[in-house]
Number of protein chains: 2
Amino acid sequence: MTETMTRYHHGDLRAAVLRRAEEVLRESGTDALSLRGIARDLGVSHAAPSAHFRDKNALFDALAVAGFRRLGEVMDAALATRGSLTDDLVAFASAYLDFATDNPALLSVMFARKHSETSGAEIAEAVAAAFAHPTALLTEGQARGEVVDGDPEVIGVTVLAAIQGLATFVGSGFVTPEQSQGMLEDVVATLMRGLAR
Amino acid sequence: MTETMTRYHHGDLRAAVLRRAEEVLRESGTDALSLRGIARDLGVSHAAPSAHFRDKNALFDALAVAGFRRLGEVMDAALATRGSLTDDLVAFASAYLDFATDNPALLSVMFARKHSETSGAEIAEAVAAAFAHPTALLTEGQARGEVVDGDPEVIGVTVLAAIQGLATFVGSGFVTPEQSQGMLEDVVATLMRGLAR
DNA sequence: CCAAGAATCTTGACAATGTCTAAATCGGTG
DNA sequence: CACCGATTTAGACATTGTCAAGATTCTTGG
């Protein structure tokens, strides 16, 4: 009856493993993440997670999907209230960088190059969903005549790449989180007006 | 006398470990990299590498330094012959992406977030050296009046971030290497002329 | 209602790995 | 030439991912 009673069946082990894995990732990084450790933390036998995740890689794949879903939510929230295009881009980039700063290990898992064939499609879907909102920003800008013409996909890649690159620099410590806010605004400004004089 | 005779002392084990580690990284990825495996490949006892690399992390740090040195050389070579600013940027980005495509695992090691305090300085130095040439590109462009004014460091970060982000997308498979060449030119073009209309 | 059958979980085992310690070997220096 | 530090070896240990076999619970069809 009580929540704490020990049942043979956990109830929702899969979700619990994912939740705990994200915690470990955020608090202790990727190498600290072990299936056995998670099982221990959840008070479950060491092989229990294997019923829900074939591999350790399968867990990483699931973490990547969950990560892109959450990143998408964060960016949606950041773009709930709208201002000028520049302001919106800054808000979007800021949300992205906050996410990267708070979950650096998760971000590197999300962009790891070892997703299985099957989950690759699921991840691609989550990626598309996550990046839909920021890309829409640019198409709307084009509709208002504020953004240069051209395939919005292409223009979007440039913006996303710049932000993702900045996130990598922050995550690897070459740029401190304190610097990142200023840099972010400079990057958006540079993107907006271009390099050529 | 011959090279293949088995000596107790290897001669230059440290360099041999680094070389082999890079090979494994390129051919089989990061999880396939094991200290014992490398020792086995070199015909040396399993604990021999520990004399040259305290940790597995110390090996990763050394790999990161070597990686940035090589990346710097690659970019220097790409910028040996110069053309227009746009051509130079494309050449630089192309070299960067080729490096990223050929050594995706190494690149993620280079931008990993777990470098030890001591080697952090050495890595930062290698990073600065590697990115010196592309940054100089922009200062020269400013001198010729082809590039907008402003702190070249700041402008450089935008360019580097965009390329690095694109490299991440390629490395994680969201962009195929075939697409990357075209995208690269589009990204440079977008950077040059900006988003605002 | 209840008897399969599927899903979930446990226990036990195995090979591999990173790391530590003590001992053996080698190279150079006084 | 003896000695000392650097290098390498051998052995051991805890930890981990994964597999196989069995126990327990849930579900579902008859």
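What counts and what doesn't
For every chain, the first residue of the written sequence is number 1, and numbering continues from 1 onward in sequence order. Here chains are named by letter from A upward and ligands by number from 1 upward, in the order in which they appear as written. Only residues with pLDDT of 70 or above have their local features reported here, since the model is predicted, and side-chain atom pairs are shown and tallied only from 80 upward, although totals for entire chains, interfaces and linings are computed over all residues. Only DSSP runs of H or I with at least four residues qualify as helices, and only runs of E with at least two residues qualify as strands; both kinds are numbered from the N terminus onward. Burial is judged by counting other C-beta atoms within 10 Å of a residue's own C-beta: 20 or more means buried, 12 or fewer means exposed, and anything between counts as partly exposed, with every C-beta placed from the backbone. Each residue is represented by a C-beta atom placed from its backbone, and any two residues with such atoms within 7 Å are regarded as in contact. Amino acids outside the nonpolar list (Ala, Val, Leu, Ile, Met, Phe, Trp, Tyr, Cys, Pro) and the charged list (Asp, Glu, Lys, Arg) are all regarded as polar, and Gly is one of them. Overlaid copies result from least-squares superposition on C-alpha atoms, with residues included only where pLDDT is at least 70 in both. Here, a nonpolar core denotes buried Ala, Val, Leu, Ile, Met, Phe, Trp, Tyr and Cys residues that are linked to one another through C-beta atoms within 7 Å. Confidence of the predictor in every single residue is expressed as pLDDT, which spans 0 to 100.

1. Let's talk about the overall build of chain A
Item 1. Helices and strands together make up the secondary structure of chain A, namely eight helices and zero strands.
Item 2. Mapped in sequence order, the helices and strands of chain A form the string α-α-α-α-α-α-α-α.
Item 3. Across its three principal axes, chain A shows a C-alpha extent of roughly 65 × 35 × 30 Å.
Item 4. Expressed as a percentage of the 197 residues in chain A, the buried residues total 39%.
Item 5. Within chain A, contacts between residues separated by at least 24 positions form 65% of all contacts whose residues are at least 6 apart in sequence.

2. Considerations on the interface of chain A and chain B
Item 1. Taken together, the contact between chain A and chain B spans 40 residues of the former and 40 residues of the latter.
Item 2. Contributions of two or more residues to the side of chain A that touches chain B are made by helix 5 (104–110), helix 7 (152–171) and helix 8 (177–193) of chain A.
Item 3. Broken down by element, the side of chain A that touches chain B gets its largest block of residues, 14 residues, from helix 7 of chain A.
Item 4. Of the residues belonging to the side of chain A that touches chain B, the class tally is 22 nonpolar, 12 polar and six charged.

3. Structural notes on the relation of the copies chain A and chain B
Item 1. The operation relating chain A to chain B is a screw motion whose rotation component is 180°, with 0.0 Å of axial translation and a residual RMSD of 0.0 Å. The operation mapping one copy onto its partner corresponds to a two-fold rotation axis.
Item 2. Taken together, the interface assignments show that 100% of the residues at the interface of chain A recur at the interface of chain B, consistent with an identical surface on both copies.

4. A word on the nonpolar core
Within soluble globular proteins, side chains that are nonpolar generally end up buried alongside one another.
Item 1. One finds Tyr96(A), Leu166(A), Tyr96(B) and Leu166(B) to be the most contacted residues of the largest nonpolar core, which totals 116 residues.
Item 2. Filtering out sequence-adjacent residues up to four positions away, Leu166(B) remains in contact with Ala161(A), Leu97(B), Ser180(B), Met183(B), Leu184(B) and Val187(B).

5. Describing the environment of Arg69(B)
All names here are of chain B.
Item 1. Mapped onto the elements, Arg69 comes out in helix 3 (residues 56–78).
Item 2. The exposure class assigned to Arg69 is partly exposed, which follows from the 13 C-beta atoms found within 10 Å.
Item 3. Spatially, the C-alpha atoms of Arg69 and Ala47 are 28 Å apart, while their sequence positions differ by 22 residues.

6. Quick look at the confidence of the model for chain A
Item 1. Chain-level pLDDT for chain A is 91 on average; 96% of the residues reach the 70-or-more range.
Item 2. Looking across chain A, the model is least confident in helix 6 (residues 117–143) of chain A, with a mean pLDDT of 90, and most confident in helix 2 (residues 35–41) of chain A, with 98.

7. A look at the environment of His133(A)
Residues and elements named next belong to chain A.
Item 1. If you trace the backbone, His133 turns up in helix 6.
Item 2. The class for His133 is partly exposed, based on 17 C-beta atoms found within 10 Å.
Item 3. Residues His133 and Glu73 lie 60 residues apart in sequence; the distance between their C-alpha atoms is 9.8 Å.
Item 4. Leave out the neighbours within four places in its chain, and His133 touches Met75, Asp76 and Leu79.

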